[in-house]
Amino acid sequence: MILITGIAGLTGRFLYQKIQDQKPDRRVKYFVRPTSDISFMLDEDKKNNVIYGDGNNIKDITDALLNVDLVIHLATIHLSEIITQACVFKGIKRVIFINTTGMYSHYKSYAALYTELEKKIKESNLIYTIIRPTMIYGNHQDVNIHKLIKMINKVAIFPVIGKGDGLMHPIYAQDLANVIISAMTNEEKTRMQEYNVAGKAPLTYLSLLAEIAKALGKKRYFLHIPYGLALLIGKIADCIPNGIIDYEKVQRLKEDKSFDYSKAAYDLGFSPRSFEEGVKLEVQALRDVGIIK
């Protein structure tokens, strides 16, 4: 039996649908918080296969591991140490962890922690597979792209920090779900392996904004803000949390975030879609739920 954490999140919802479509006979349990929205799940799963608990509570995790032989840890990597400890305690060997390429950043505050958590996974004697996606997008649950879509939908002139030439390589959530399913079904090939996964091709931040405007069918003009001024604004924003801009985000916009996913392509048949394709799907998803018109 499989235990999946984080099924109520962005990628989790795509993964859930993939399991229904491709692996309907696999026995799966879903570990979720009591406050999680699981309205998208089948009634049978909600009744029989959902386990409520706190991912910070090792007893809740160990209790959920009854009769489990594979864990897919899709919830935050910050909980990986507890997941690892629970699996070792229960004698469960096979775990797929979803981390992030943010661990390679020179500016992301949690980069060192992500690296340390991976080290602990590798030292645990678990049969692990680690998948590191880039920025994930796909619907209103994503952290970044849906905010840009909403803003570009509203304003005719959009600010761009510096030249907007930092590379970005976002991955559509369904493509990440596909590679998780592939890792799940190719155990021997993926034992003790790690994979970076991303969209089809990197693009500059300015090009990403232009693709969003194109998907919205809107003519937009981009106003370039000097990088130094943006850093100052970011510093001020750190004192006034706003969910849109902060000092770290400004720094990361100038950092190239392009990743080689050839290993995942070779081992797992990973073939992601382009941002042009993916953002059209996200725009439609936001329209379907009335977030944008």
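Residues numbered from 1 in each chain as written. Predicted model: local features only at pLDDT ≥ 70, side-chain atom pairs only at ≥ 80, totals over all residues. Heavy atoms only, no water.

Student: Could you give an account of the overall build of the chain, with specific residues and numbers?
Tutor: Secondary structure summary: the chain contains 13 helices and 13 strands in total. By the compact-globule yardstick of 19 Å for 293 residues, the chain fits well, its C-alpha radius of gyration being 20 Å. Along the longest, intermediate and shortest principal axes, the C-alpha atoms of the chain span 55 × 40 × 40 Å. When each of the 293 residues of the chain is scored for burial, the buried share is 49%. Contacts in the chain between residues at least 24 apart in sequence constitute 77% of all its contacts with a sequence separation of at least 6. With an accessible surface of roughly 14400 Å², the chain has 53% of that area assigned to carbon and sulfur atoms. Taking the average place of the 39 positive charges on the side chains of the chain and the average place of its 32 negative ones, the gap between the two points comes to 4 Å. (Helix = DSSP H or I, 4+ residues; strand = E, 2+ residues; numbered from the N terminus. Rg over C-alpha atoms; globule rule 2.2 N^0.38 Å. Buried < 20%, exposed > 50% of the residue type's maximum accessible area, 1.4 Å probe, protein only. Contact = heavy atoms within 4.5 Å. Areas by Shrake-Rupley, 256 points an atom, 1.4 Å probe, with all protein chains shown as cover. Lys, Arg positive; Asp, Glu negative; His and termini not counted. Charge placed at Lys NZ, Arg CZ, Asp CG, Glu CD.)

Student: Tell me about a nonpolar patch on the surface, residues and numbers included.
Tutor: On the surface, Leu-229, Leu-232, Ile-233, Ile-236 and Ile-240 cluster together to form a nonpolar patch covering roughly 460 Å² of accessible area. As for its position among the elements, Ile-240 is in the loop between helix 10 (227–239) and helix 11 (247–253). Accessibility expressed as a relative area gives 54% for Ile-240, which makes it exposed. (Patch = residues over 30% accessible without salt bridge, like charges linked within 9 Å, V, L, I, M, F, W, Y side chains within 5 Å. Salt bridge = Lys/Arg side-chain N within 4 Å of Asp/Glu carboxyl O.)

Student: Tell me what's going on with the packing of helix 1 (residues 10–22) against helix 7 (residues 173–185), and back it up with residues and numbers.
Tutor: Running from N to C, helix 1 and helix 7 point in directions that differ by 55°, and their axes come no closer than 8 Å. By the angle between their directions, the pair helix 1 and helix 7 is classed as oblique. Of the two possible hands of crossing, helix 1 and helix 7 adopt the one that is right-handed. Residue-level inspection shows Leu-10, Thr-11, Phe-14, Leu-15, Lys-18, Ile-19 and Gln-22 of helix 1 in contact with helix 7, the latter providing Ala-173, Gln-174, Leu-176, Ala-177, Asn-178, Ile-180 and Ile-181. When grouped by side-chain class, the residues that make up the contact of helix 1 with helix 7 number nine nonpolar, four polar and one charged. (Axes fitted to C-alpha atoms, helices over the stretch in contact; angles between N-to-C directions. Parallel < 35°, antiparallel > 145°, perpendicular 65-115°, else oblique. Left-handed = near helix turned anticlockwise from the far one by under 90°. Nonpolar A, V, L, I, M, F, W, Y, C, P; charged D, E, K, R; others polar.)

Student: Describe the sheet that holds strand 1 (residues 2–5), with residues and values.
Tutor: A sheet is described by the order of its strands in space; here seven strands give the open sequence 3-2-1-4-5-6-11, paired in parallel fashion. Only two strands of the sheet have a single partner each, and these edge strands are strand 3 (50–52) and strand 11 (193–197). Each neighbouring strand pair of the sheet contributes to a mean axis angle of 15°, computed without reference to strand direction. Note: strand 5 (residues 94–98) against strand 6 (residues 127–133), five bridges, orientation parallel. Its bridge partner lying in strand 6, Ile-98 is registered against Ile-131. (Pairing = 2+ DSSP bridges.)

Student: Which residues make up the pairing of strand 2 (residues 28–32), and what values go with them?
Tutor: Of all five residues in strand 2, five are buried; the element is thus mostly enclosed. Across the two faces of strand 2 the burial is the same, with Val-28, Tyr-30 and Val-32 and Lys-29 and Phe-31 all buried. Here four bridges tie strand 1 to strand 2, and the two strands are oriented parallel to one another. Bridging across to strand 2, Thr-5 finds its partner in Phe-31. Handedness of the β-α-β unit built from strand 1, helix 1 and strand 2 comes out right-handed. For the segment spanning strand 2, helix 2 (residues 43–48) and strand 3, crossover handedness is right-handed. (Right-handed = clockwise from strand over helix to strand, strands pointing away.)

Student: Describe the side chain of Lys-29, listing the residues and the values that go with them.
Tutor: With respect to the element layout, Lys-29 can be found in strand 2. Asp-63 provides the closest opposite charge to the buried, salt-bridge-free Lys-29, at an N-O distance of 9.7 Å. For Lys-29, the contacting residues outside a window of four places in its chain are Met-1, Ile-2, Leu-3, Ile-4, Asn-49, Ile-51, Ala-64, Leu-65, Leu-66 and Val-68.

Student: I'd like a description of unusual backbone geometry, backed by residues and values.
Tutor: Phi is positive for Asn-67, close to 65°, though the residue is something other than glycine. Residue Met-192 is not a glycine yet carries a positive backbone phi of 55°. Checked against the element boundaries, Met-192 lands in the loop between helix 8 (187–190) and strand 11. The class of Met-192 is partly exposed, set by a relative accessible area of 40%.

Student: I'd like a rundown of the environment of Lys-90, residues and numbers included.
Tutor: Locating Lys-90 in the fold gives a position in helix 4 (residues 80–90). Taking the C-alpha atoms as reference points, Lys-90 and Asp-63, separated by 27 residues in sequence, lie 9.4 Å from one another. Each residue touching Lys-90, except ones within four places of it in the same chain, is listed here: Thr-62 and Leu-65.

Student: Break down the side chain of Asn-49 for me, citing the residues and quoting the values.
Tutor: Of note, Asn-49 is situated in the loop between helix 2 and strand 3. In this structure the side chain of Asn-49 is engaged in a polar contact, spanning 2.7 Å, whose partner is the side chain of Asp-45. Look past the residues within four positions of Asn-49 in its chain and what remains in contact with it is Val-28, Lys-29, Tyr-30 and Glu-44. (Polar contact = N/O pair within 3.5 Å; in protein donor to acceptor, adjacent residues only side chain to side chain.)

Student: Which residues make up the packing of aromatic side chains, and what are the values?
Tutor: Under the definition given, this model contains eight aromatic pairs. Each ring, one from Tyr-137 and one from Tyr-172, has its centre 5.5 Å from the other, and the planes form 65°; the classification is edge-to-face. Linking Tyr-137 in strand 7 (residues 136–137) with Tyr-172 in strand 10 (residues 171–172), this pair joins segments that are 35 residues apart in sequence. Take Tyr-137 and Tyr-172: they sit in the same class, and that class is buried. Geometry around Tyr-195 places Lys-263 over its ring, the cationic atom sitting 5.1 Å from the centre. (Phe/Tyr/Trp six-rings, centres within 6.5 Å; stacked < 30°, edge-to-face > 60°. Lys NZ or Arg CZ within 6 Å of the ring centre and 35° of its normal.)

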